Amino acid sequence: EGLIELHGSFRELFEFFCQHSSIHGTVRLLRSGSGRARAFCWAGLLLASLAMLCWQLALVCRQFWAYPVVLTMAMTSEPKMFPAVTVCNLDPYRFELVREPLAQLDRMAEESITFLYGINTSARLFHLRDRNVHVQALANLSSSGFKLSQNFSLLRISDLRSGKKHSSVGFRLCNATGGSCFYQTYSSGMDALLEWYRFHYMNIMAQLPLIVEVSQHEEQLEDVVFSCQYDGEPCRPSDYDHFHHPVFGSCYTFNSKGTDPFWTATKPGIPYGLSLILRAQQKDHIPLLSTVAGVKVMIHSHNQTPFLEHEGFDVRPGIATAVGIRQDEVNRLGGNYGKCTEDGTDVAVKLLYNTSYTLQACLHSCFQHRMLQECGCGYYYYPLPAGAPRCDYNKHPAWGHCFYRLYRRLRNHHLNCFQQCPKPCRESLYKISAGTAKWPSAKSQDWVRQALQHQHRYNSSSSSSRDIAKVTIFYQQLNSQAVHEAPLLSETLLLSSMGSQWSLWFGSSVLSLVEMLELLVDTLALALLLLFQRLRRGPGGSAPIPGLSLETPGQGQE
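Residues numbered from 1 in each chain as written. Predicted model: local features only at pLDDT ≥ 70, side-chain atom pairs only at ≥ 80, totals over all residues. Heavy atoms only, no water.

An unreviewed UniProt entry annotates the protein as SCNNA protein of Alaudala cheleensis. Looking at the protein in UniProt, the text filed under Catalytic activity (unreviewed entry) is "Na(+)(in) = Na(+)(out)". (UniProt positions renumbered as here; feature names shortened; annotations may be inferred.)

Draft legend 1. Representation of the confidence of the model for the protein. For the protein, the mean per-residue pLDDT works out to 81, and 82% of the residues sit at or above 70. In this model, residues 123-144 is a region of pLDDT below 50 whose contacts with residues beyond four sequence positions or in other chains number 32 contacts. (pLDDT = per-residue confidence, 0-100. Contact = heavy atoms within 4.5 Å.)

Draft legend 2. Seen up close, the environment of Leu530. The topology assignment puts Leu530 in helix 13 (residues 510-536). A relative accessible area of 13% places Leu530 in the buried class. Measuring from C-alpha to C-alpha, the distance between Leu530 and Gly8 comes to 10.0 Å, with 522 residues separating the pair along the chain. (Helix = DSSP H or I, 4+ residues; strand = E, 2+ residues; numbered from the N terminus. Buried < 20%, exposed > 50% of the residue type's maximum accessible area, 1.4 Å probe, protein only.)

Draft legend 3. Representation of the pattern of salt bridges within the structure. Summed over the entire model, instances satisfying the criterion amount to ten salt bridges. The residue Arg426 makes a salt bridge to Glu329 at a minimum N-O spacing of 3.5 Å. On the criterion of sequence distance, the pair formed by Arg426 in strand 18 (residues 426-438) and Glu329 in strand 15 (residues 319-331) is long-range, its members being 97 residues apart. Arg426 sits in the exposed class, given a relative accessible area of 58%. Residues Arg332 and Glu427 are paired through a salt bridge, measuring 2.9 Å at the closest nitrogen-oxygen approach. (Salt bridge = Lys/Arg side-chain N within 4 Å of Asp/Glu carboxyl O.)

Draft legend 4. Broad picture of the packing of aromatic side chains. Evaluation of the coordinates by the stated rule reveals 29 aromatic pairs. Ring geometry for Phe367 against Phe403: centres 5.9 Å apart, planes inclined by 80°, an arrangement best described as edge-to-face. Placement of Phe367 in helix 8 (residues 359-374) and of Phe403 in helix 9 (residues 399-411) is noted, with a sequence separation of 36 residues between them. We note that Phe367, like Phe403, is buried. Where Phe403 meets Tyr407, the ring centres are 5.9 Å apart and the plane angle is 25°; that geometry is what we call stacked. Of this pair, Phe403 and Tyr407 both sit in helix 9, four residues apart, which is roughly one turn of the helix. Stacked on the ring of Tyr475, the Lys or Arg Lys80 has its end atom at 5.6 Å from the ring centre. When the ring centre of Phe182 is taken as origin, the NZ or CZ atom of Arg408, which lies over that ring, is 5.2 Å away. (Phe/Tyr/Trp six-rings, centres within 6.5 Å; stacked < 30°, edge-to-face > 60°. Lys NZ or Arg CZ within 6 Å of the ring centre and 35° of its normal.)

Below, the structure written as structure tokens:
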């Protein structure tokens, strides 16, 4: 009784609550006689306000549990590290041990073009500088057991759609039993020829890891980069890393780690950027592997694998290209507000790249793992786990059928790779804008060639200004835009919104909730005591509880 105020009846309890509650309008319920109609009106208003309050609170909670975010932008201006820059000469190696299969593939391509279009390519459209193959190379190649397959010929396919005849070009792919086949077709004959050539090329190049080390064919930097300057200072040998790409050729990444103070950008503008003079000559050019002549360039973050096929851009030879960059930073919340990862350690996909986490690296790794699971071999262009075989139609005849179906599923988002690979919680994005001009000019090209010849073993007799390109990459401004995700409704805003709704519909405070809780406890206590007393006073029951005086509706006090 010291904690619970015992009332004689529920009516008395209700009247006490209406007279002393801080909720607006409750006192209006205490009407008798002619005022009962008004009391019923106020009761209806209170119930309607309670219903509106519950509806509004449900909407607020639903919005909060949807975890919406709002983007906030901030501008910073300070010295920053210059991004990593990767350049490739678009001239992949014709390794000695696969030179003959590549020559055979070129001849097959000539025959396919003649068969499809009647064009005579006897003018050596696919001319090689050296058709001679060393005897030792042939011996090693024959020991590998590789044979160029004749089962994937290019065909012209016609079909009727909407009463009209449509023609496409493609090649046929079947599974291991031959019971499931489809045509990989393209509306453009050129696209079909390029894809057909790349398919055979992957099978040929898959022999290299078992035969030859790519690092033995590494070129010198001077063979690709004639001149390199950053902020007016010449580049050093430690400023670049070399690797070979099977399609884009010999590649060099400048400032790949981003830890050297030499690459700190303190001023914006062309004079303070990275200036490169590059060789664009294609001595071993594979014409149907890459139809572009020039240099492939990509600007990316440090310690990241450059995916040139997705984000790189081409630089035309005989042209000076000025590329202005601006850095944006994106910071994602993660957790309940979105799926992202800090460093990739919490991602289910095991990365096959020895660099920092990126979305493309995760997608490529996921696709390679699925290739190994479903096709039994790995895609040549992506890294492999230790001990896994590369796809080769001499050893895996149906891998093409499996690969194209799997890639189609990935492209259509039917694989779970996009669900398994979240975006990084923090990443840097580089926006670029470029301008071009003819370089060198007609009056200065002789001077440029002579200068390059004296400094870099440049053979001006067999080369021209069309074999070189100049690229300048610089910060347009040191201002960077940082985009941060912030909760649209935090816990504080949620409580504030709920309090506003409570005040709007009931005109009270949080203490009113305590009053309602007290009413509930008193009602339960009174109901229990009345029930217990009634049980004690039942047939053959004992006397009432001593010291307890309760009054129920319609009954006198006992």
